[in-house]
Amino acid sequence: MAAPEFTIPRYRRPVRRRYAALLIAVLCLNLVLAPLAAAPAHAFGFGEFTVKDEIELGKKFRVLVKSRLPIIEDPEIADYVRELVARLQAVIPPQPFPFETSVVLDNNMNAFATPGGYVFVYTGLLLNLENESEVAGVLAHELAHVTQRHVAKRIEAAQKVSLLSMAGLLAGLLLGKGEAKDAMLFGTAAATQAAMLNYSRTDEREADQMGMQNLIKAGFSPWGLPGAFKHIQNQQWRSGGGVPQYLSTHPDVQQRIQYLSNQVRLLPAAQREIKDDNTRFRRIQTLIRARFADQEAAMHYFNNSGSLPPELALMGKGIVYARQNKISTAADFFDQAVSLAPSDALVLREAGRFHYNKGDSKRAAGLLQRAVMNNPHDLMALFFFARLLADNGQVDKAVEYYRQVLQKLPEDSEVHYYYGRMLGENNRLFEGHLQLAYSALYANNKRKVEFHRKQAETLARTEDDKAELERFDTRHAERAEFW
């Protein structure tokens, strides 16, 4: 089958943190207003917001975010954040839900955790903080809001908010663009959000205190939390933007930085003087800066960052030049990076990816093989290696690698896309269209979902095929609810 027409859409403009908070409110309404419809006329409040409700809300919020915001699936970046959260989770009391992390492509220095244990970190936070402990400090603060059920308690308190205000919030979010919509959103929603979701002075103080305790227990530098707040505050002053919610709530930002710093000074020297190991953090920053940041700013950084290992600076330049379509120059920098670090799996992977995309399959194969040998868990390297195998006609082996990748990255649109193309080109039409339907689903392309799902349905022959379609329809229904 010829390669199907399929275009992965550009990233949508990210929904900012305040909108994320408002979206939580909408999801809360979806969870609780349905039972109210069948309740007695006097039952206007939300009542108890149980852990079960919290988990259900978190699941819905996760689907909503992933259907609206650009999520980075690169395992090198995603796994790093996941491991930071796991390190913090290991020192907090057991929770009734696991924590799940996602990295959002957005320049704002934000992070937030939702009821049910879903943690979202913006690339702007990872890129603009200086030390790993600062990222961990923000995460520890956000996790404390979840473990102490601060949002859940605000939702329970929402029984004091009128249904008219709730309706206004919902209308303000769902109406189209225009002055009327904006007035509803920032008029009614401001009051509703303040009553329903804003953290109190006590909430913030508790999250600061518990975040600091857990940061220390997990073995990070305690300077991470006040340091992160200071960097975020300075960045917002420079850019003229608003301060994130976890710094905008009273008490005063500077006061919070001061009392946290004072607490650090009172710690035993063994804890107070813990040093950051930023080795892996710098690698993650290099990838984000090179692949997603402004190209001119990224190149300036790589040309002037004396603290960055030279192989990472060279790799970063190679990625930026490739983005600029300066292929020969990019190749030179990748060659230099590989020469300096011939066993570095990340450098090998990025060089192999570059040579594959420019059409040098032989060179790409050698680099990607070495990358996989040095890091068998690098799913990005495995993905490009699967594409190489498919190009060389080794379809069954490629299928094995694709399935291995999708087992760990089930919502990666690009992986589903190339897997579907390969299957279709090898006359496995049902599987091909189904994979392209998944690709369109996770790229939020409604028209393509409908097209490829219909094609797959007409090609379904066996009970297994029909079961696969039912599984797809379940995933589709979860996302379509928010389209």
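Residues numbered from 1 in each chain as written. Predicted model: local features only at pLDDT ≥ 70, side-chain atom pairs only at ≥ 80, totals over all residues. Heavy atoms only, no water.

> Outline the pattern of salt bridges, listing residues and values.
Tallying each qualifying case throughout the model produces 27 salt bridges. The salt bridge partner of Glu-457 is Arg-453, with a shortest N-O separation of 2.8 Å. Taken as a pair, Glu-457 and Arg-453 lie in helix α24 (residues 446–459) at a separation of four residues, close to a single helical turn. In this structure Arg-453 comes out as buried when scored by relative accessible area, which is 17%. Three or more residues joined by partner-sharing salt bridges are found here, namely Asp-74, Arg-291, Arg-349, Glu-350, Arg-353 and Asp-378. (Salt bridge = Lys/Arg side-chain N within 4 Å of Asp/Glu carboxyl O. Helix = DSSP H or I, 4+ residues; strand = E, 2+ residues; numbered from the N terminus. Buried < 20%, exposed > 50% of the residue type's maximum accessible area, 1.4 Å probe, protein only.)

> Describe the pairing of strand β4 (residues 118–122), naming the residues involved and giving the relevant values.
With five of its five residues buried, β4 lies for the most part within the structure. Every second residue of β4 is oriented toward a common face, with Tyr-118, Phe-120 and Tyr-122 on one face and Val-119 and Val-121 on the other, all of them buried. Pairing of strand β2 (residues 100–104) with β4 involves five bridges; the strand directions are parallel. Bridge pairing in β4 places Val-103 opposite Val-121. Of the pairings in the sheet, the one linking strand β3 (residues 111–114) to β4 comprises four bridges and is antiparallel in character. From the neighbouring strand, Ala-111 faces β4, where its bridge partner is Val-121. Between the antiparallel neighbours β3 and β4 lie three residues, among them Gly-116 with a positive phi of about 90 degrees. (Pairing = 2+ DSSP bridges.)

> Describe the packing of helix α16 (residues 310–323) against helix α17 (residues 327–340), listing the residues and the values that go with them.
With their axes 8 Å apart at the nearest point, α16 and α17 run at an angle of 160 degrees to one another. By the criterion of interaxial angle, the relationship of α16 to α17 is roughly antiparallel. Handedness of the α16/α17 crossing: left-handed. Counted together, Pro-310, Glu-311, Leu-314, Met-315, Lys-317, Gly-318, Ile-319, Tyr-321 and Ala-322 of α16 and Thr-329, Ala-330, Phe-333, Phe-334, Gln-336, Ala-337 and Leu-340 of α17 form the full contact between these two elements. Along the lines of polarity and charge, the residues of the contact of α16 with α17 split into 11 nonpolar, three polar and two charged. (Axes fitted to C-alpha atoms, helices over the stretch in contact; angles between N-to-C directions. Parallel < 35°, antiparallel > 145°, perpendicular 65-115°, else oblique. Left-handed = near helix turned anticlockwise from the far one by under 90°. Contact = heavy atoms within 4.5 Å. Nonpolar A, V, L, I, M, F, W, Y, C, P; charged D, E, K, R; others polar.)

> Which residues make up α16, and what values go with them?
Note: α-helices contain 3.6 residues per turn, so residues at a spacing of three or four share the same orientation. Taking 1.5 Å as the rise per residue, α16 with 14 residues should run 20 Å; its terminal C-alpha atoms sit 20 Å apart, in good agreement. Among the residues of α16, those classed as buried are Glu-311, Leu-312, Ala-313, Leu-314, Met-315, Gly-316, Lys-317, Gly-318, Ile-319, Val-320 and Tyr-321. Looking at the packing, one finds that the buried side of α16 touches α14 (279–292), α15 (295–304), α17 and α18 (345–357). Looking one or two places after α16, you find Asn-325, whose phi comes out positive at around 65 degrees. (Expected span 1.5 Å × (residues − 1).)

> Which residues make up the packing of helix α5 (residues 132–147) against helix α9 (residues 201–217), and what are the values?
In the contact formed by α5 and α9, the axes pass within 8 Å of each other and the chain directions differ by 130 degrees. Taken together, the axes of α5 and α9 lie oblique to each other. Considering the relative orientation of α5 and α9, their crossing is right-handed. Along its contact with α5, which presents Ser-133, Ala-136, Gly-137, Ala-140, His-141, Ala-144 and His-145, the element α9 presents Asp-203, Glu-204, Ala-207, Asp-208, Met-210, Gly-211 and Leu-215.

> So what about the packing of aromatic side chains? Which residues, and what values?
Counting across every chain of the model gives 16 aromatic pairs. When the ring of Phe-383 is compared with that of Phe-384, the centres are 5.1 Å apart and the planes differ by 65 degrees; the resulting orientation is edge-to-face. There is no split in this pair, since Phe-383 and Phe-384 are both buried. On the basis of an interplanar angle of 65 degrees and a centroid distance of 6.2 Å, the ring pair of Phe-383 and Tyr-402 is categorised as edge-to-face. One end of the pair, Phe-383, is in helix α20 (residues 379–391); the other, Tyr-402, is in helix α21 (residues 395–408), with 19 residues separating them in the sequence. A network of ring pairs unites the aromatic residues Tyr-356, Phe-383, Phe-384, Tyr-402, Tyr-417, Tyr-418 and Tyr-419 as a single cluster. Lying across the ring of Tyr-259, Arg-205 places its NZ or CZ 3.8 Å from the centre. Sitting above the plane of the Tyr-418 ring, Arg-387 keeps its charged end 3.6 Å from the centroid. (Phe/Tyr/Trp six-rings, centres within 6.5 Å; stacked < 30°, edge-to-face > 60°. Lys NZ or Arg CZ within 6 Å of the ring centre and 35° of its normal.)

> Outline α20, listing residues and values.
Its 13 residues give α20 an end-to-end C-alpha distance of 18 Å, which sits within 8% of 18 Å, the value for a rise of 1.5 Å per residue. Every buried residue belonging to α20 is among Leu-379, Met-380, Ala-381, Leu-382, Phe-383, Phe-384, Phe-385, Ala-386, Arg-387, Leu-388, Leu-389 and Ala-390, and all of these are buried. Where α20 is buried, its residues touch α3 (75–89), α18, α19 (361–374), α21 and α22 (413–425). A side-chain oxygen of the first residue of α20 lies 3.1 Å from the backbone nitrogen of Met-380; this N-cap is Asp-378. Directly beyond the C-terminal end of α20, a positive phi value near 85 degrees is found at Gly-393. (Polar contact = N/O pair within 3.5 Å; in protein donor to acceptor, adjacent residues only side chain to side chain.)

> Let's hear about the environment of Phe-354: which residues, and what values?
Relative to the helices and strands, Phe-354 is located in helix α18. Sequence-wise, Phe-354 and Ala-331 are 23 residues apart; in three dimensions their C-alpha atoms are separated by 8.0 Å. Ignoring anything within four residues of it in the chain, the contact list for Phe-354 reads Ala-322, Ile-327, Ala-330, Ala-331 and Phe-334.

> Let's hear about the sheet that holds β4: which residues, and what values?
Taken together, four strands build an open sheet; the order of strands is β1-β2-β4-β3 and the sheet is mixed. Pairing within the sheet leaves two strands with one partner each, and these edge strands are β1 (71–72) and β3. Strands in contact with α5 are β3 and β4; relative to β3, the strand with the most contacts, it is inclined by about 25 degrees.

> Outline the nonpolar core, supporting the account with residue identities and numerical values.
Met-315 and Met-422 are the most contacted members of the largest nonpolar core, which totals 100 residues. A per-element tally of this core places α20 first, with 11 residues. What Met-422 contacts, discounting residues up to four positions off in sequence, is Ala-390, Val-395, Ala-398, Val-399 and Tyr-402. Phe-430, Ala-440, Leu-441 and Tyr-442 belong to the second-largest nonpolar core, a separate cluster that totals 12 residues. (Core = buried A, V, L, I, M, F, W, Y, C linked by side-chain atoms within 4.5 Å.)

> Please give an account of the side chain of Thr-114 that cites residues and values.
Tracing the backbone shows Thr-114 in strand β3. Of the residues examined, Thr-114 reaches a relative accessible area of 1% and is grouped as buried.

> Describe unusual backbone geometry, naming the residues involved and giving the relevant values.
If you check the backbone angles, Asn-427 has positive phi at about 65 degrees while not being a glycine. By secondary structure assignment, the location of Asn-427 is in the loop between α22 and α23 (429–442). Positive phi values are uncommon outside glycine, yet Asn-444 reaches one of about 60 degrees. According to the relative accessible area criterion, Asn-444 is buried, its value standing at 15%.

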